[in-house]
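Chain by chain, the residues:
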Amino acid sequence: MLVSKIREQFPILGRTVAGKPLVYLDNTATSQTPRRVVDAIVDMYTRHKANVHRGVHTLSQEATDLQELTRRRVARYINAESHEEIIFTRGTTEGINLVASSFGSLLPEGGEIILTVMEHHADIVPWQLLAQRRGLKIKVVDIDDSGALRLDSYRALFGPDTVMAAFTHVSNVLGTVNPVREMTAYAHEQGVPVLVDGAQAVPHMRVDVRDLGVDFYAFSSHKMYGPAGIGVLYGRREFLDSMPPYQGGGEMIKHVSFDGTTYADLPFKFEAGTPDFVDIAALGAALDFMEETGIEAIAAHERQLLEQATAGLMEIPGMHIYGTTPGKEAVISFNVEGIHNYDLGMLLDKQGVAVRTGHHCAQPLMERLGIPGTVRAGFAAYNTPEEVDAFLTALRRAVDILRP
Ligand code: PMP
């Protein structure tokens, strides 16, 4: 994998911040976008824009074809059985809300939902809202000191009242990769359906929903080199078929009458209103980028950067890294003793280095770790060893300035 050839495709990487070349390491929050994705958006607006599905005219059919082509490509990319199991959403958050709201309405009162302490708020709050509405209970799987899920605690939480398990594939803070296949198989043995938050997995590893055996899998386009504002919910047909619509409106109906309304077939039953067909079409160009580069090559490259960065960070006195499981994803969360994460982030920014600071929408995990927040650096296909060096140099400088 030639990183220089990849970098050429990302115009934003050429800009400066604070007079220094940008070193963009906030990839866990959102990745940057290659030119071909931007071109695909421009192409939609300048050549094909028309509302999808309702038109007989050429433009409408072109826009529909482009949107539906992406649906088929996404299905193939994650090895779904059918493109009808691919629902376009606004992102991971909406995908999980859809399941919690619609599938959740079918769950029996008094049931228990198993979550983990490493969940992003997007995989906590929708379940809490459901729990409040329908009298369900939430149980939480703990982690060990390395940041691995306690699988013994996971298994022990299942009981006769368990009705749902929802967990992240990869932690956006610890980088921990959870054993989704094993966890899902265990849940299924107990007759419990599984939702997986794949926001941090799809950009970094091969995801095969049928191999994993999951029932629902949600992810976001903007973290996988695609446009912001859209995402994907994969759901097994048998579940999606049994679920009531999430929102009502156009596109999701078969026939509307004041005597009663019938709903469209999958996937449209869950896509009320005009979808973001421009960005959906452009997501296809992001898949082009990922397929051309190769997800295995991206993963291997990111792993090298992770090792280099981890080794460099460990040399800094007072360094504490959160999440040290073997095979973790290329994201590092850390603190330096006596220094606030926010101050480090500010001083890194002054040197052109973009990292994220704070609780990373994982406040229960922060509470579990006993900290208010961390500095987080995450790597993508376009990052280089030189950038890791620049980050480490900038960090050492920041620590020297801030060390009490
Ligand atoms: N889950 C995880 C693990 C995430 O990292 C994120 C994004 N930070 C989300 C869910 C939410 O994604 P989005 O904001 O794109 O809906």
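Rules and cut-offs
Residues numbered from 1 in each chain as written. Predicted model: local features only at pLDDT ≥ 70, side-chain atom pairs only at ≥ 80, totals over all residues. Heavy atoms only, no water. Pairing = 2+ DSSP bridges. Helix = DSSP H or I, 4+ residues; strand = E, 2+ residues; numbered from the N terminus. Axes fitted to C-alpha atoms, helices over the stretch in contact; angles between N-to-C directions. Contact = heavy atoms within 4.5 Å. Buried < 20%, exposed > 50% of the residue type's maximum accessible area, 1.4 Å probe, protein only. Core = buried A, V, L, I, M, F, W, Y, C linked by side-chain atoms within 4.5 Å. Parallel < 35°, antiparallel > 145°, perpendicular 65-115°, else oblique. Left-handed = near helix turned anticlockwise from the far one by under 90°. Nonpolar A, V, L, I, M, F, W, Y, C, P; charged D, E, K, R; others polar. Arc of directions from axis to C-beta. Lys, Arg positive; Asp, Glu negative; His and termini not counted. Salt bridge = Lys/Arg side-chain N within 4 Å of Asp/Glu carboxyl O. Near = heavy atom within 4 Å. Polar contact = N/O pair within 3.5 Å; in protein donor to acceptor, adjacent residues only side chain to side chain. Areas by Shrake-Rupley, 256 points an atom, 1.4 Å probe, with all protein chains shown as cover.

A. Representation of the sheet that holds strand β14 (residues 331–336) in the model. Ordered by their spatial adjacency, 4 strands build an open sheet running β13-β14-β17-β16, and the pairing between neighbours is antiparallel. Each edge of the sheet is formed by a strand with only one pairing partner; in this case those strands are β13 (319–322) and β16 (356–358). Across the sheet, the mean angle from the axis of one strand to that of its neighbour is 30 degrees, orientation sign disregarded. Relative to β14, β13 is paired through 4 bridges, and the arrangement is antiparallel. Bridge pairing in β14 places Y322 opposite S333. Contacting β13 and β14, helix α11 (residues 295–314) crosses the sheet at an angle of about 10 degrees to β14.

B. Broad picture of the pairing of strand β8 (residues 194–197). Across the two faces of β8 the burial is the same, with V194 and V196 and L195 and D197 all buried. For strand β7 (residues 162–168) and β8, the ladder comprises 4 bridges, and the chain directions are parallel. Bridged to A165 within β8 is V194. Pairing geometry for β8 and strand β9 (residues 216–220), over 3 bridges, is parallel. Bridge pairing links L195 to F216 in β9.

C. Molecular detail of the sheet that holds β7. Ordered in space as β4-β10-β9-β8-β7-β5-β6, the 7 strands form an open sheet in which the pairing is mixed. Strand pairing shows two members of the sheet lacking a second neighbour, β4 (86–89) and β6 (137–141), which therefore form its edges. On average, each strand axis in the sheet is tilted by 20 degrees relative to the strand beside it, whichever way the strands run. In this structure, β9 lies alongside strand β10 (residues 231–235), joined through 5 bridges in antiparallel fashion.

D. Looking closely at the nonpolar core. By size, the foremost hydrophobic cluster in this structure holds 68 residues, and its most contacted members are I86, Y154, V214, Y217 and Y225. Here this core gets 8 residues from one element, more than from any other, and that element is helix α10 (residues 277–293). Setting aside anything within four residues of it in sequence, one finds V214 in contact with V180, T184, V194, V196, V209, Y234 and R236. Counting residues in hydrophobic clusters, the runner-up holds 28 residues, among them I316, L395, A398 and V399.

E. Expanded view of the packing of helix α4 (residues 92–102) against helix α5 (residues 125–134). Closest axis-to-axis distance for the α4/α5 pair is 9 Å, and the angle between their directions is 15 degrees. The orientation of α4 relative to α5 falls into the category roughly parallel. At the point where α4 passes α5, the crossing takes the right-handed sense. Counting all contacts with α4, which are made through I96, N97, V99, A100 and S101, the residues of α5 involved are P126, W127, L130 and R133. Classifying every residue of the contact of α4 with α5 gives 6 nonpolar, 2 polar and 1 charged.

F. Just α5, in detail. Buried within α5 are the following residues: P126, W127, L130 and A131. Projected down its long axis, α5 carries its buried residues within an arc of 140 degrees, all on one side. Residues of α5 that are exposed and point over 90 degrees away from its buried face: Q132 and R133. Lining the buried residues of α5 we find α4, β5 (112–116), β6, β7 and β8.

G. Spotlight on the side chain of E329. Note that E329 resides in the loop between β13 and β14. For the buried E329, which has no salt bridge, the nearest side chain bearing the opposite charge is R303, at an N-O separation of 6.8 Å. Residue contacts for E329: discarding those within four places in its chain leaves V170, G175, V177, Q200, H204, M205, E302 and L306.

H. Spatial organisation of the site of the ligand. Within the structure, the ligand sits among 13 residues, and T93, D197, Q200, S220 and K223 are positioned closest to it. Separating an oxygen atom of the ligand from a backbone N or O atom of T92 is a distance of 3.4 Å. Contacts to the ligand include K223, whose side-chain N or O atom sits 2.8 Å from a nitrogen atom. Protein chains shield 85% of the accessible area of the ligand, which is 400 Å² for the free molecule. Residue composition of the shell around the ligand, grouped by class: 2 nonpolar, 9 polar and 2 charged.

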